[in-house]
Amino acid sequence: MIWIFFPFFLFAGVIENNISAVYKNTYPTIKIDNIYTKTYTPYKKITSIDTSTINPKKSSGVIKINHSIFVTYKIDATLKVLKSTETIHKNDKIDYTNSKLTSIKFKNFYSYPLTKYNYQIAAKMYIPKGKIIYEYMTQKPYLIKRGDNIQIISKSGNIEVTLEATAMQNGRKNDIIKVKINKTIYKAVVLSKGLAKL
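To start, this report covers the structure provided alongside it. Everything numeric here is computed off the predicted structure, so don't read it as measured data. Numbers given to residues run from 1 along each chain, matching the order in which its sequence is written. Only residues with pLDDT of at least 70 get local features here, since the model is predicted, and only at 80 or more are side-chain atom pairs given and counted; chain-wide, interface and lining totals rely on the full set of residues. Only hydrogens and water are set aside; all other atoms, that is, all heavy atoms of the structure, feed into the side-chain values.

**Considering the overall build of the protein chain**
When you go through the protein chain residue by residue, the secondary structure sums to 1 helix and 13 strands. Of the regular secondary structure in the protein chain, the N- to C-terminal order runs β-α-β-β-β-β-β-β-β-β-β-β-β-β. Each radius of gyration reported is based on C-alpha atoms, and the globular scaling rule is 2.2 Å times the count of residues to the power 0.38. Relative to its length of 198 residues, the protein chain is extended, with a C-alpha radius of gyration of 25 Å against a globular reference of 16 Å. Each principal axis of the C-alpha distribution contributes one length, and for the protein chain these read about 80 × 40 × 20 Å. Taken over 198 residues, the protein chain has a buried fraction of 35%. Contacts were defined at the residue level, with two residues in contact if any of their heavy atoms lie within 4.5 Å. Look at the contacts in the protein chain between residues 6 or more apart in sequence, and 55% of them connect residues 24 or more apart. In short, Shrake-Rupley with a 1.4 Å probe defines the accessible areas, and a residue's cover is counted only from the protein chains shown. Put simply, the protein chain shows about 12200 Å² of open surface, and 52% of that area lies on carbon and sulfur atoms. Only four residue types enter the tally: Lys and Arg on the positive side, Asp and Glu on the negative side, with His and both chain ends excluded. For charged residues, the charge sits on one atom: NZ in Lys, CZ in Arg, CG in Asp, CD in Glu. The positive charge centre, built from 32 side chains, and the negative charge centre, built from 12, are 4 Å apart in the protein chain. For the purposes of this entry, the term helix denotes a DSSP run of H or I that reaches at least four residues, the term strand denotes a run of E that reaches at least two, and both are numbered from the N terminus. To sort residues, take the accessible area from a 1.4 Å probe on protein chains only and compare it with the maximum for the residue type: under 20% means buried, over 50% means exposed, and anything in between is partly exposed.

**Digging into the pattern of salt bridges**
Whenever Lys or Arg places a side-chain nitrogen within 4 Å of a carboxyl oxygen from Asp or Glu, that contact is recorded as a salt bridge. Counted according to the given criterion, the structure contains 2 salt bridges. Between Lys31 and Asp33 there is a salt bridge; the shortest N-O distance is 2.7 Å. As a salt-bridge pair, Lys105 and Asp76 come within 2.7 Å of each other at their nearest N and O atoms. With Lys105 in strand S6 (residues 99-105) and Asp76 in strand S5 (residues 69-84), this pair connects stretches of sequence that are 29 residues apart. Residue classification places Lys105 among the exposed positions, given a relative accessible area of 57%. For Asp76, a relative accessible area of 22% gives the class partly exposed.

**Section: the environment of Tyr142**
In this structure, Tyr142 sits in the loop between strand S8 (138-139) and strand S9 (149-156). In this structure the C-alpha to C-alpha distance between Tyr142 and Lys193, which are 51 residues apart in sequence, comes to 8.1 Å. When neighbours within four sequence positions are excluded, Tyr142 is seen to be in contact with Asn91, Asn170, Gly171 and Arg172.

**Focus on the sheet that holds S9**
Two modes of strand pairing occur in sheets, parallel and antiparallel, and in both the strands are linked by backbone hydrogen bonds. Strand order in the closed barrel made by the 5 strands is S9-S10-S11-S12-S13, with mixed pairing throughout. Ignoring strand direction, the axes of neighbouring strands in this sheet form an average angle of 55 degrees. For two strands to count as paired, DSSP must find a minimum of two bridges between them. Where S9 and strand S13 (residues 195-197) come together, 3 bridges link them in parallel fashion. Counterpart to Ile152 in the pairing with S13 is Ala196. Simply put, an axis is a line fit to the C-alpha atoms, just over the touching stretch for a helix, and the angle between two N-to-C directions goes from 0 to 180 degrees.

**Description of the nonpolar core**
Residues belong to a common nonpolar core when they are buried Ala, Val, Leu, Ile, Met, Phe, Trp, Tyr or Cys residues joined through side-chain atoms within 4.5 Å. Counting 33 residues, the largest nonpolar core has Ile19, Tyr23, Ile30, Ile75 and Phe106 as the members making the most contacts within it. It is S5 that provides the largest number of residues to this core, a total of 8 residues. When near neighbours in sequence (up to four residues on either side) are disregarded, Ile30 contacts Tyr23, Lys24, Ile75, Ala77, Thr78, Leu79 and Phe106. One finds Ala167, Ile177, Ala188 and Val190 within the second-largest nonpolar core, a separate group that totals 11 residues.

**Here we look at the pairing of strand S12 (residues 184-192)**
Inspection of the sheet shows strand S11 (residues 176-181) paired to S12 by 6 bridges, in the antiparallel sense. Bridge pairing in S12 links Lys178 to Lys187. In sequence, S11 turns back onto S12 through a hairpin of 2 residues, with Asn182 there showing a positive phi of about 60 degrees. Across 3 bridges, the pairing between S12 and S13 is antiparallel. The partner of Ser192 across the bridge, within S13, is Leu195. Two successive antiparallel strands, S12 and S13, enclose a turn made up of 2 residues, where Gly194 displays a positive phi of approximately 75 degrees.

**Observations regarding the packing of aromatic side chains**
Only centres within 6.5 Å qualify two rings of Phe, Tyr or Trp (six-membered ring in Trp) as a pair; their planes then separate them into stacked at under 30 degrees, edge-to-face at over 60, and tilted for everything else. One pass over the structure, following the stated rule, counts 9 aromatic pairs. Between Tyr23 and Tyr73, the aromatic rings sit 6.2 Å apart at their centres with planes inclined by 75 degrees, giving edge-to-face as the arrangement. Here the residue Tyr23 occupies a position in helix H1 (residues 12-26), and Tyr73 occupies one in strand S5, the gap between them amounting to 50 residues. Judged by its relative accessible area of 0%, Tyr23 falls in the buried class. Judged by its relative accessible area of 3%, Tyr73 falls in the buried class. Between Phe106 and Phe109 the ring centres are 5.2 Å apart and the planes differ by 80 degrees, which places this aromatic pair in the edge-to-face class. Of the residues examined, Phe106 reaches a relative accessible area of 6% and is grouped as buried. Among the aromatic residues, ring-to-ring pairing joins Tyr23, Tyr27, Tyr73, Phe106, Phe109, Tyr110, Tyr112, Tyr134 and Tyr136 into one connected group. Positioned above the aromatic ring of Tyr112 is the side chain of Lys57, whose terminal nitrogen or guanidinium carbon lies 5.3 Å from the ring centre. The criterion is that NZ of a Lys, or CZ of an Arg, lies within 6 Å of the ring centre and within 35 degrees of the ring normal, and then a charge sits over that ring.

Below you can see the structure in the form of structure tokens.
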């Protein structure tokens with residue numbers, strides 16, 4: 001059985017660059033220190049590299065070269081991820097007041113971690129202090145909350161009027177919610193914070 005450790009061979013750079021590109025495309029701020037690769041099959045020339053088998057949530061995996069040779073790899077890297085600095089409750093906005101970017105050693109993730117601030121997200125669930133914040137834990141924040149006094153745009157032909165209303169439901173952008181204008185209930189589409197249209 002022949003083992004070839006690519007970091008010491010000519011083709012190592014080409015293979016490592018392809019693996020690195022996949023991770024950097026997913027995590028622009030990742031810092032890759034080393035990529036270790038090996039195969040059981042010797043070869044002389046690379047004619048193709050297939051990186052579609054790489055799962056960027058994992059720190060190791062396999063790529064295929066020359067349509068039939070499988071190369072296993074492992075990356076040694078660090079990544080800045082968003083961690084909670086305070087307890088975050090469901091529907092709380094996630095920002096610098098309750099989280100911070102922290103460097104960690106890249107590991108296997110079961111979901112994509114947040115690697116930068118996005119001020120248009122809120123917690124989808126309870127997040128304890130000191131936890132990595134993953135995409136599945138987040139959602140768009142409510143732009144309108146039940147009981148809010150909001151503006152309603154109503155348009156008929158070329159005439160547009162703005163009305164005062166009370167929200168009867170919580171709503172995110174493009175949600176359809178019930179609103180009360182005077183004593184009548186209507187359905188309106190959420191446009192932005194405090195604004196909807198009939």
